[in-house]
Amino acid sequence: MEINERGFSNKALEDFDLIDKAVIEKDQSAYATLMKRYKKAVYFMILKMIRDADDAEDLTMEAFAKAFRNLERFKKDYTFSTWLFRIATNNTIDFIRKKKLKTMSLNTTMSDDGGNSVTIDVEDDDNNPQDEFIRSQRIEMVRIFVDKLPAKYRKLVQLRYFDELSYEEIAQELDKPLGTVKAQLHRSRELLYEIASGKEKHI
């Protein structure tokens, strides 16, 4: 990996340019490029933490939505991948604490694009006062994008993300086959990715 005099890889510098295009020039394709670069890496990092593919998809979408919403605050003191992975990790930790999941893969150190270590650190104590605030911020952030969904998907997302029903419970609530619910929620996530990357004009 080639590192320049600033200590960042060429890929990291390309990310900086994309962020400038997204924030300053309002270039929607820049958001899509950033998402394409890191969606798979974020997804598999989250999947390693929670070992549930559907929840990992949900949390990946949330991580990008939060990152893009706060992109103007990003400082180029470290790589975009470091910042994004930390957002995704913190959001997933909040999810794990909330669901009280048991996992063996939390004490993990990963390397970002610049070769820096990103440590996943989870405290073992009970929920602290910040947890509820983080959760409320996450819900508020997701709702902004959900409101832009077509009506037929909005109800599904409401039941899954805000009412926190399982896929089986949603199928029962809407009197739909489980496979249909999963397929439509998958499509809902795809649309939310597009909205988060500024492509809602195509929806």
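See the structure printed just above.
Keep in mind it's a predicted model, so treat the numbers as computed, not measured.

Draft legend 1. Structural detail: the overall build of the protein chain. The secondary structure content of the protein chain amounts to eight helices and two strands. When its helices and strands are written in sequence order, the protein chain yields α-α-α-α-β-β-α-α-α-α. Put simply, the protein chain has 203 residues, and 44% of those count as buried. Accessible area of the protein chain: about 11200 Å², with a carbon and sulfur share of 47%.

Draft legend 2. View of the packing of aromatic side chains. Counted under the stated rule, the structure contains ten aromatic pairs. Ring geometry for phenylalanine 80 versus tryptophan 83: centroids 6.0 Å apart, planes at 50°, classification tilted. Residue phenylalanine 80 and its partner tryptophan 83 are located together in helix H4 (residues 80–99), separated by three residues, close to a single helical turn. Residue classification places phenylalanine 80 among the buried residues on the basis of a relative accessible area of 0%. Through successive ring pairs, a cluster of aromatic residues spans Phe8, Phe16, Tyr38, Phe74, Tyr78, Phe80 and Trp83. The ring of tyrosine 167 is capped by lysine 182, whose NZ or CZ atom sits 5.9 Å from the centre of that ring.

Draft legend 3. Geometry of the nonpolar core. Core analysis: the largest hydrophobic core is formed by 55 residues, its most contacted members being Val42, Ile46, Ile50, Phe64, Leu71, Phe80 and Leu149. When residues of this core are traced back to their parent elements, those giving at least two are helix H1 (10–23), helix H2 (28–50), helix H3 (53–69), H4, helix H5 (129–146), helix H6 (151–162), helix H7 (167–174) and helix H8 (178–196). The greatest single-element share of this core, amounting to eleven residues, is contributed by H2. The residues contacting valine 42, other than those within four sequence positions of it, are Thr60, Ala63, Phe64, Leu84, Phe85 and Ala88.

Draft legend 4. Quick look at the environment of arginine 160. If you trace the backbone, arginine 160 turns up in helix H6. When the C-alpha positions of arginine 160 and aspartate 58 are compared, they lie 9.6 Å apart, and in sequence the two are 102 residues distant. If we ignore the near neighbours within four places in the chain, the residues touching arginine 160 are Asp54, Asp55, Asp58, Leu165, Ser166, Tyr167, Ile170 and Leu185. A distance of 3.4 Å separates the side chain of arginine 160 from the backbone oxygen of leucine 165, its partner in a polar contact.

Reading the values: rules and limits
Residues numbered from 1 in each chain as written. Predicted model: local features only at pLDDT ≥ 70, side-chain atom pairs only at ≥ 80, totals over all residues. Heavy atoms only, no water. Helix = DSSP H or I, 4+ residues; strand = E, 2+ residues; numbered from the N terminus. Buried < 20%, exposed > 50% of the residue type's maximum accessible area, 1.4 Å probe, protein only. Areas by Shrake-Rupley, 256 points an atom, 1.4 Å probe, with all protein chains shown as cover. Phe/Tyr/Trp six-rings, centres within 6.5 Å; stacked < 30°, edge-to-face > 60°. Lys NZ or Arg CZ within 6 Å of the ring centre and 35° of its normal. Core = buried A, V, L, I, M, F, W, Y, C linked by side-chain atoms within 4.5 Å. Contact = heavy atoms within 4.5 Å. Polar contact = N/O pair within 3.5 Å; in protein donor to acceptor, adjacent residues only side chain to side chain.

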